[in-house]
Amino acid sequence: MVMQEERTMEPQTTPGPATRGIVVQKLNAWYGPLQALRDVSLTILPNRVTSVIGPSGCGKSTFIRCLNRMHEVVPGARVQGKVLLDGEDIYAPGVDPVRVRRRVGMVFQRPNPFPTMSVFDNVAAGLRLNGLRRPGQMSDAVERALQQAALWDEVKDKLKQSGSALSGGQQQRLCIARALAVQPEVLLMDEPCSALDPVATSRIEDLVRALKERYTIVIVTHNMQQAARVSDMTAFLLMGDDRAGELIEYGQTRQMFTNPRDERTEAYITGRFG
Amino acid sequence: MTTDMQVYLRRRTTSYLMVGLCGLATLVAVSILLLVVGYTLVKGIAFLNLDFVTQTAQPLGEPGGGIRHEIIGTLVLVALASVLGIPVGLLAGAYLSEFGGGRTGLVVRLVADVLTGVPSVVVGIFVYVLVVQPMGTFSALSGGVALAIIMLPVVARTTEEMMRLVPATYREAALALGIPRWRMIVSVVMPGAMVGIVTGSMLGIARIAGETAPLIFTALGNRFGFAGLGQPIAAMPLQIWRYAVSAYDTWHQQAWAASFLLVMLVLVISITVRWLTSRRYH
Amino acid sequence: MARAPHPQEVHAPVWWWRARFRRPASPGDWVFQTIALLAALSLVGLLVAMTLYLLNAAWPAVTRFGLGFLTSSTWDPVQEVFGALPAVYGTLLTSAIAMLVAIPVSLGVAIFLAELAPPWLRAPASFLVEMLAAIPSVVLGLWGLFVMVPVIRDPVERWLGSSLGFLPLFQGPPFGVGFLAGGLILAIMALPIITAVARDTLAAVPSSQREAMLALGATRWEAISRAVLPYARSGIVAAGILGLGRALGETMAVTMVIGNGYQVTARLFAPGNTMASKIATEFNEASGDLYIGSLVELALVLFAITLMVNVVGRLLVRWTVAKARVGGQ
Ligand SMILES: Nc1ncnc2c1ncn2[C@@H]1O[C@H](COP(=O)(O)OP(=O)(O)OP(=O)(O)O)[C@@H](O)[C@H]1O
Ligand SMILES: [Mg+2]
């Protein structure tokens with residue numbers, strides 16, 4: 001909330017169509033000496049679902065963690081390049097990662113609810129950080145987030161239970177609700193369905209389609225069908241010779257799955273990949 | 001909007017403040033160490049020379065004097081404790097590591113951990129009742145027994161941990177050759193864990209070298225030099241204590257100087273242990 | 001504290017070892033295992049023997065004074081009347097002071113070492129803090145007596161007396177030596193163990209917990225205080241308990257700075273005694289079954305208290321490690 005109001009009052013630094021959404025320019029990322037990403041440049045459109053695909057270890061997680069400055073949390077990790085969030089470089093000196101993460105929420109590969117907190121407190125955790133105190137407002141916000149995450153009906157009677165007492169799929173949706181509660185502008189999802197059964201997976205896919213009305217969504221997935229089902233845009237990453245991930249192709253999902261420009265994309269999508 | 005900004009600024013300040021406090025706490029902890037070691041050096045400097053190590057105590061008023069008896073006494077006590085404590089500790093550690101998967105192992109492990117926490121003064125009283133009373137005299141032997149009891153659980157637990165680190169492939173390879181299990185343990189696991197076992201013993205020694213309380217009721221102290229295991233014996237920590245609570249400045253200085261030597265001994269052992277353990281299984 | 005799993009748990013089914021081991025082929029195996037078992041059982045035997053021998057030697061005092069031993073404040077070797085209350089009180093009071101000071105500081109150090117310090121600083125700083133535990137008690141006592149106590153007398157006690165003197169805690173003449181000095185020296189001695197255990201539990205918290213909070217827009221401190229610390233709380237409690245175990249039984253350093261009084265008083269500047277220091281100062285001068293028995297009974301009480309504290313602490317550590325191993329991601 002804070003940031004949205006503030007942003008509209010600031011002069012826009014980069015005019016043009018690229019102002020909203022995320023513009024990634026020549027992004028490089030390292031873990032210590034190991035380069036995990038090389039020269040990735042692309043533009044993520046607002047209110048669209050962008051999927052990131054590629055073989056294991058090609059740097060998909062690393063890429064989306066660079067979009068909310070979570071990469072630097074890993075000891076020894078380093079980033080170079082620009083990531084413009086609505087025109088502002090989130091890696092510019094003086095930018096506090098705390099404020100970036102407030103605007104760009106994240107759902108992790110494995111569900112990670114806070115086990116010492118109740119379901120309610122899990123969802124409220126982000127709101128409490130920002131100093132929201134009034135109980136009425138709080139329970140409204142929690143309910144709204146749980147509704148959005150399609151979890152409300154299942155947990156409305158066990159809001160006081162521990163967050164880790166839910167099933168795996170429920171936990172993942174709890175994590176989604178937790179991220180949605182603070183009303184970010186962008187939602188990053190790192191293989192949110194990798195630990196889930198088909199039913200839970202399809203619920204989360206429905207959710208993603210519903211959420212794009214209000215959020216810009218970037219979703220990492222190993223599942224081609226899933227990428228085809230939920231996303232508008234697709235980015236395909238592949239390891240280079242030195243195992244650093246590179247962007248091979250980026251474009252409309254439909255076009256990429258029917259008529260890829262790069263033969264490596266085609267090989268990967270059709271499952272003929274080495 | 002201003003209040004949101006205020007909330008953010010307050011959160012950021014709190015974060016910096018708490019991070020700073022944690023750093024400060026660390027600085028305080030480390031400075032205490034440096035202060036203690038520094039003081040022993042500065043205050044004991046007058047006595048930190050070769051004479052102090054080689055000479056025996058002088059009567060009050062006469063210059064010089066050293067702690068030769070005390071050094072020898074401490075060496076004898078530590079050696080005695082090692083001879084009594086290390087073999088048993090090693091075997092107990094071997095048991096815990098190699099056969100300790102069941103309930104007995106669980107109990108022994110807990111008992112060892114708990115024994116590590118028994119106050120050394122209680123061990124001293126126990127050995128007084130167990131050895132000194134029946135023998136009718138304070139003695140080097142009882143001091144050694146007390147120190148051995150204190151180091152035993154330390155050696156046992158470290159040995160266990162270190163032997164467990166020996167990769168299972170070693171064990172399996174040895175067993176596949178058809179040699180009996182005990183040979184496998186003695187000739188494969190133990191040598192493989194040698195560094196660790198030495199480490200455990202050294203940790204035990206570091207732990208007992210500076211012990212004072214249990215020696216008061218067992219070794220007692222002796223100003224006339226080593227007179228056999230059945231007689232009272234001098235020890236550096238005991239002498240530091242007696243000098244420290246005395247009323248004389250030169251004795252205080254000698255307490256500082258002896259403390260410096262003792263601290264150096266313990267620090268050197270600890271640093272060696274650190275160096276040895278940092279190189280295991282890389 | 002996280003340990004490698006036991007070899008038998010992971011590398012081979014137990015029945016396989018057993019089958020192999022039970023084969024009568026090698027009598028050496030039987031001999032070796034029996035000897036090792038005896039060595040291991042000697043630890044248990046030691047604990048049992050300690051209890052029995054101390055109980056036996058304390059018996060004259062136990063039968064003579066009964067439970068009154070713990071509630072009486074008289075300690076009169078001439079009349080042969082002994083009560084332990086002031087010593088028990090001294091032990092509890094100094095340990096309480098020590099925990100009050102040591103737990104926050106140790107927690108700060110542990111957080112710094114596990115969460116905040118730059119990687120190059122972690123190992124050397126951890127090592128230095130651990131070295132604090134290697135300083136012999138008697139050396140710390142010497143330092144406490146000649147360096148710390150003068151500072152406590154003036155300015156610490158003088159200042160506390162003049163600004164907070166309306167509290168009974170800070171009344172009375174500033175001796176320097178006394179409960180406060182004893183508590184502070186114990187804080188120094190408990191700090192390394194609390195720090196080490198707390199640091200290990202913090203380091204065992206899965207990074208996904210930290211990251212979950214950070215990704216919500218938490219500051220560094222918020223991620224620690226709201227995600228990491230709650231997750232590690234049982235380990236932190238265990239760290240405090242083990243530190244308490246250390247403080248309760250420490251002898252020499254306290255003996256040298258506590259001032260050898262014998263009273264139950266709220267005044268922290270007053271000289272006192274702990275169970276351990278009372279034993280250390282008087283045991284060698286004691287004569288007669290009753291006097292010696294009373295001091296041994298003090299040792300027995302101390303033994304029982306530290307035993308309970310340590311068992312609870314150790315079980316808690318084990319439980320925490322097991323939980324971290326199951327729940328860790
Ligand atoms: N914490 C880390 N420390 C060091 N190297 C890392 C770390 N995390 C990832 N890497 C390395 O960076 C590269 C990219 O990893 P990343 O996790 O981004 O891959 P990914 O595409 O998400 O794979 P997956 O599909 O298996 O999740 C890999 O080579 C990996 O080994
Ligand atoms: Mg990944």
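Nothing here was measured: the structure is a model prediction, and the numbers come from that model.

**Some remarks on the domain arrangement of chain B**
Residue and element names in this part refer to chain B.
Point 1. Each domain of chain B was delimited in the assignment, giving domain 1 (3–47) and domain 2 (52–280).
Point 2. Relative placement of domain 1 and domain 2: their C-alpha centres are 33 Å apart.
Point 3. Taken together, the contacts link eight residues of domain 1 with 13 residues of domain 2.
Point 4. Three residues stand out in domain 1 for area buried against domain 2, namely Thr40, Lys43 and Phe47, and they jointly supply 65% of the buried area on that side.
Point 5. For the pair domain 1 and domain 2, the interface holds zero salt bridges.
Point 6. At the junction of domain 1 with domain 2, the criterion picks out zero residue pairs in polar contact (both at pLDDT 80 or more).

**Describing the nonpolar core**
Point 1. Among the nonpolar cores identified, the biggest contains 199 residues, and Ile125 of chain B together with Leu43, Leu202, Phe283 and Leu298 of chain C are the most heavily contacted of them.
Point 2. When residues in this core are grouped by element, the largest group, 15 residues, is from helix 14 (residues 289–327) of chain C.
Point 3. If near-sequence neighbours (up to four positions away) are discounted, leucine 298 of chain C is found in contact with Phe69, Trp75, Ala84, Ala87, Met275, Lys278 and Ile279 of chain C.
Point 4. Ile22, Leu67, Val100 and Met233 of chain A belong to the second largest nonpolar core, which has 43 residues in total.

**Structural notes on the pattern of salt bridges**
Residue and element names in this part refer to chain B.
Point 1. This model, assessed by the stated rule, comprises 33 salt bridges over all chains.
Point 2. Here arginine 157 makes a salt bridge to glutamate 160, at a shortest N to O gap of 2.6 Å. In this pair, arginine 157 and glutamate 160 are both assigned in helix 6 (residues 140–164), three residues apart and thus about one turn of the helix distant. Side by side, arginine 157 and glutamate 160 carry an identical accessibility label, which is buried.

**Comments concerning a nonpolar patch on the surface**
Point 1. Taken together, the side chains of Leu17, Leu21, Leu24, Leu27 and Val28 of chain B make up a nonpolar region of the molecular surface, amounting to roughly 470 Å² of accessible area.
Point 2. Structurally, leucine 24 of chain B is set in helix 1 (residues 2–44).

**Quick word on the confidence of the model for chain A**
Point 1. Confidence in the prediction for chain A averages 88 pLDDT; 92% of positions are at 70 or higher.
Point 2. Scored below 50 in pLDDT, residues 1–18 of chain A shows 25 contacts in the model against residues more than four places distant or in partner chains.

**Focus on the interface of chain C and chain B**
Point 1. Facing the 86 residues of chain C at the interface are 90 residues of chain B.
Point 2. In this assembly, chain C packs against chain B so that about 8000 Å² is buried in total across both faces, 79% of it on carbon and sulfur atoms.
Point 3. Taken as a group, Phe32, Leu43 and Trp221 of chain C account for 9% of the area that chain C buries against chain B, more than any other trio of residues on that side.
Point 4. Here chain C and chain B share three salt bridges between them.
Point 5. Measuring nitrogen to oxygen at the nearest pair gives 3.7 Å for the salt bridge that ties arginine 318 of chain C to aspartate 113 of chain B.
Point 6. Element by element, the count of residues in the side of chain C that touches chain B is highest for helix 3 (residues 27–65) of chain C, at 20 residues.
Point 7. Residue composition of the side of chain C that touches chain B, by class: 63 nonpolar, 15 polar and eight charged.

**Quick look at the site of ligand 1**
Residue and element names in this part refer to chain A.
Point 1. If you check the shell around ligand 1, you find 15 residues, and the closest are Ser56, Lys60, Ser61, Thr62 and His222.
Point 2. Between ligand 1 and glycine 57 there is a distance of 2.8 Å, counted from an oxygen atom to a backbone nitrogen or oxygen.
Point 3. In the environment of ligand 1, an oxygen atom lies 3.2 Å from a nitrogen or oxygen atom belonging to the side chain of arginine 243.
Point 4. In isolation ligand 1 offers 630 Å² of accessible surface; the protein chains occlude 68% of this area.
Point 5. Every element with two or more residues in the shell around ligand 1 is listed here: strand 2 (34–44) and helix 2 (60–66).
Point 6. In terms of residue count, the dominant contributor to the shell around ligand 1 is helix 2 (three residues).
Point 7. Broken down by class, the residue content of the shell around ligand 1 amounts to five nonpolar, seven polar and three charged.

**Let's talk about helix 9 (residues 194–209) of chain B**
Since there are 3.6 residues in each turn of an α-helix, residues three or four apart along the chain are aligned in direction.
Point 1. A rise of 1.5 Å per residue sets the reference length of helix 9 of chain B, with its 16 residues, at 22 Å; its end C-alpha atoms lie 22 Å apart and thus fit the reference within 8%.
Point 2. Taken as a whole, helix 9 of chain B has its buried residues at Gly196, Ile197, Thr199, Gly200, Ser201, Met202, Gly204, Ala206, Ile208 and Ala209 of chain B.

**Topic: the environment of valine 188 of chain B**
Residues and elements named next belong to chain B.
Point 1. If you trace the backbone, valine 188 turns up in helix 8 (residues 181–192).
Point 2. Expressed as a C-alpha distance, the spacing of valine 188 and alanine 174, which sit 14 residues apart in the sequence, is 7.4 Å.
Point 3. Beyond its immediate sequence surroundings of up to four residues, valine 188 is in contact with Tyr170, Ala174 and Arg183.

**Let's talk about the environment of leucine 33 of chain B**
Point 1. Tracing the sequence through the fold places leucine 33 of chain B in helix 1.
Point 2. Spatially, the C-alpha atoms of leucine 33 of chain B and tryptophan 182 of chain B are 44 Å apart, while their sequence positions differ by 149 residues.
Point 3. Those residues within four positions of leucine 33 of chain B in sequence are excluded, and the remaining contacts are Leu128, Met131, Leu132 and Ile135 of chain C.

**Some details on the environment of proline 167 of chain B**
Point 1. Here proline 167 of chain B lies in the loop between helix 6 and helix 7 (168–176).
Point 2. Separated by 26 residues in sequence, proline 167 of chain B and alanine 193 of chain B have C-alpha atoms that sit 10.0 Å apart.

**Notes on unusual backbone geometry**
The bulk of non-glycine residues show a negative phi, and the bulk of peptide bonds are trans.
Point 1. Between aspartate 154 of chain C and the following residue, proline 155 of chain C, the backbone shows a cis peptide bond with an omega angle of 25°.
Point 2. Secondary-structure assignment places proline 155 of chain C in helix 7 (residues 137–164).
Point 3. One non-glycine residue, alanine 150 of chain A, lies in the positive phi region at around 55°.
Point 4. Checked against the element boundaries, alanine 150 of chain A lands in the loop between helix 5 (135–148) and helix 6 (152–155).
Point 5. A residue is classified by how much of its surface remains accessible, and alanine 150 of chain A, at 24% relative accessible area, is partly exposed.
Point 6. The phi angle at glutamine 183 of chain A is positive, at roughly 50°, despite the residue not being glycine.
Point 7. Here glutamine 183 of chain A is to be found in the loop between helix 7 (168–181) and strand 7 (186–190).

**Some thoughts on the packing of helix 4 (residues 103–116) of chain B against helix 6 of chain B**
All names here are of chain B.
Point 1. In the contact formed by helix 4 and helix 6, the axes pass within 8 Å of each other and the chain directions differ by 135°. On the basis of their axis angle, the class for helix 4 and helix 6 is oblique. Relative to helix 6, the crossing made by helix 4 is left-handed. On helix 6, the residues touching Arg109, Ala112, Asp113, Leu115 and Thr116 of helix 4 are Pro153, Val154, Arg157, Glu160 and Arg164.
Point 2. Considering only residue class, the contact of helix 4 with helix 6 consists of four nonpolar, one polar and five charged.

How each quantity is defined
- Residues numbered from 1 in each chain as written.
- Chains lettered and ligands numbered in written order.
- Predicted model: local features only at pLDDT ≥ 70, side-chain atom pairs only at ≥ 80, totals over all residues.
- Heavy atoms only, no water.
- Domains from an automatic or database assignment.
- Contact = heavy atoms within 4.5 Å.
- Buried area = accessible area lost by both parts, 1.4 Å probe.
- Salt bridge = Lys/Arg side-chain N within 4 Å of Asp/Glu carboxyl O.
- Polar contact = N/O pair within 3.5 Å; in protein donor to acceptor, adjacent residues only side chain to side chain.
- Core = buried A, V, L, I, M, F, W, Y, C linked by side-chain atoms within 4.5 Å.
- Buried < 20%, exposed > 50% of the residue type's maximum accessible area, 1.4 Å probe, protein only.
- Helix = DSSP H or I, 4+ residues; strand = E, 2+ residues; numbered from the N terminus.
- Patch = residues over 30% accessible without salt bridge, like charges linked within 9 Å, V, L, I, M, F, W, Y side chains within 5 Å.
- Areas by Shrake-Rupley, 256 points an atom, 1.4 Å probe, with all protein chains shown as cover.
- pLDDT = per-residue confidence, 0-100.
- Nonpolar A, V, L, I, M, F, W, Y, C, P; charged D, E, K, R; others polar.
- Near = heavy atom within 4 Å.
- Expected span 1.5 Å × (residues − 1).
- Axes fitted to C-alpha atoms, helices over the stretch in contact; angles between N-to-C directions.
- Parallel < 35°, antiparallel > 145°, perpendicular 65-115°, else oblique.
- Left-handed = near helix turned anticlockwise from the far one by under 90°.

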